[in-house]
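Read off the chains here:
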Amino acid sequence: MLKVWGRRSSFNVQKVMWLIGELDLAHEHINAGGSFGGLDAPEFLAMNPHGRVPVIDDGGTIVWESHAILRYLAARHGAERFWSEDPAVRARVDGWMDWSQTALQPDFLNGVFWGFFRTPEDQRNWPAIRAALARCVQHFTKLERLLEQRSFLLGAELSLADITAGTSLYRYFELEIERPALPAVERWYRTLQERAAFRTHVMIPFGELRGRLAY
């Protein structure tokens, strides 16, 4: 059975769990990281020398790093739905996955979610937060233009591009921050909310993280 290490409040774990839910894979979830600890245990470091979650063990195949895990699961278990043998099709997905990881996620998760929500009010760096918010507006405006013409980022069906970018939406729309009008992105978010795997693995209340800089 597939085993998954990580705490459910972890953004990167949520991406992986969302895909596992979409694929309806039988799995065992093992809490690790944050208050659960265990990341410095020799047996965990033997799986991931970086001591970070998520990590999966799929019948003896160990994979770490969330996007590597997503690609592995899609290729192994999601053929036709989430994985194409056509390199041109995969490249379109990869481009948005890499963009999500190198642009959207750092600006939103690190700059806004950590900078604003997880930082105690008296320690917040408001110039940095506002700058990150402005960059997020630019990112979501790009998605807005794309989604004006399609249901999902790459067309009519959910892809790994939606999973990597869409995991941000629950926190983005739940935070007490100013947001521009983004009707197409909001429609996309409503569409994702209709999916059981998104509701189960991404729409997890995060109030206990307010003002907590430590995991």
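Above: the structure in question.
Quick caveat, the model's predicted, so the values are computed rather than measured. (Residues numbered from 1 in each chain as written. Predicted model: local features only at pLDDT ≥ 70, side-chain atom pairs only at ≥ 80, totals over all residues. Heavy atoms only, no water.)

**Structural notes on unusual backbone geometry**
The general pattern is negative phi for most residues beyond glycine and trans for most peptide bonds.
Okay, step 1: Note the cis peptide between V53 and P54, where omega equals 5°.
Okay, step 2: Within the fold, P54 resides in the loop between α2 (42-47) and β3 (55-58).
Okay, step 3: The phi angle at E65 is positive, at roughly 75°, despite the residue not being glycine.
Okay, step 4: Along the chain, E65 turns up in the loop between β4 (61-64) and α3 (66-77).
Okay, step 5: Positive phi, close to 80°, is recorded for E80, a residue that is not glycine.
Okay, step 6: By relative accessible area, E80 is classed as exposed at 77%. (Helix = DSSP H or I, 4+ residues; strand = E, 2+ residues; numbered from the N terminus. Buried < 20%, exposed > 50% of the residue type's maximum accessible area, 1.4 Å probe, protein only.)

**Some remarks on the packing of aromatic side chains**
Okay, step 1: Enumeration over the complete set of coordinates arrives at 13 aromatic pairs.
Okay, step 2: Taking the centre distance of 5.2 Å and the plane angle of 80° together, the rings of W96 and W99 count as edge-to-face. A residue pair is termed a helical-turn pair when its members lie 3 or 4 positions apart in one helix, as W96 and W99 do in helix α4 (residues 87-117) at three residues.
Okay, step 3: Since its relative accessible area comes to 22%, W96 is described here as partly exposed.
Okay, step 4: With a centroid separation of 5.9 Å and an interplanar angle of 75°, the aromatic rings of F108 and Y172 are classed as edge-to-face. Here F108 is found in helix α4, whereas its partner Y172 is found in helix α7 (residues 169-174), with 64 residues between them in sequence. Side by side, F108 and Y172 carry an identical accessibility label, which is buried.
Okay, step 5: Positioned above the aromatic ring of W114 is the side chain of R118, whose terminal nitrogen or guanidinium carbon lies 4.1 Å from the ring centre.
Okay, step 6: Here the basic side chain of R179 rests over the ring of Y172, its NZ or CZ set 5.9 Å away from the ring centre. (Phe/Tyr/Trp six-rings, centres within 6.5 Å; stacked < 30°, edge-to-face > 60°. Lys NZ or Arg CZ within 6 Å of the ring centre and 35° of its normal.)

**A short note on the environment of D57**
Okay, step 1: Take D57: it is sitting in strand β3.
Okay, step 2: Judged by relative accessible area, D57 falls into the buried class, the value being 19%.
Okay, step 3: A sequence separation of 29 residues divides D57 from E28, and the C-alpha atoms of the two residues are 9.8 Å apart.
Okay, step 4: Once you skip the residues sitting within four places of it in the chain, D57 turns out to touch M1, L2, K3, W5 and I62.
Okay, step 5: A distance of 2.7 Å separates the side chain of D57 from the backbone nitrogen of G60, its partner in a polar contact. (Contact = heavy atoms within 4.5 Å. Polar contact = N/O pair within 3.5 Å; in protein donor to acceptor, adjacent residues only side chain to side chain.)

Any functional reading would require information beyond the geometric quantities listed.
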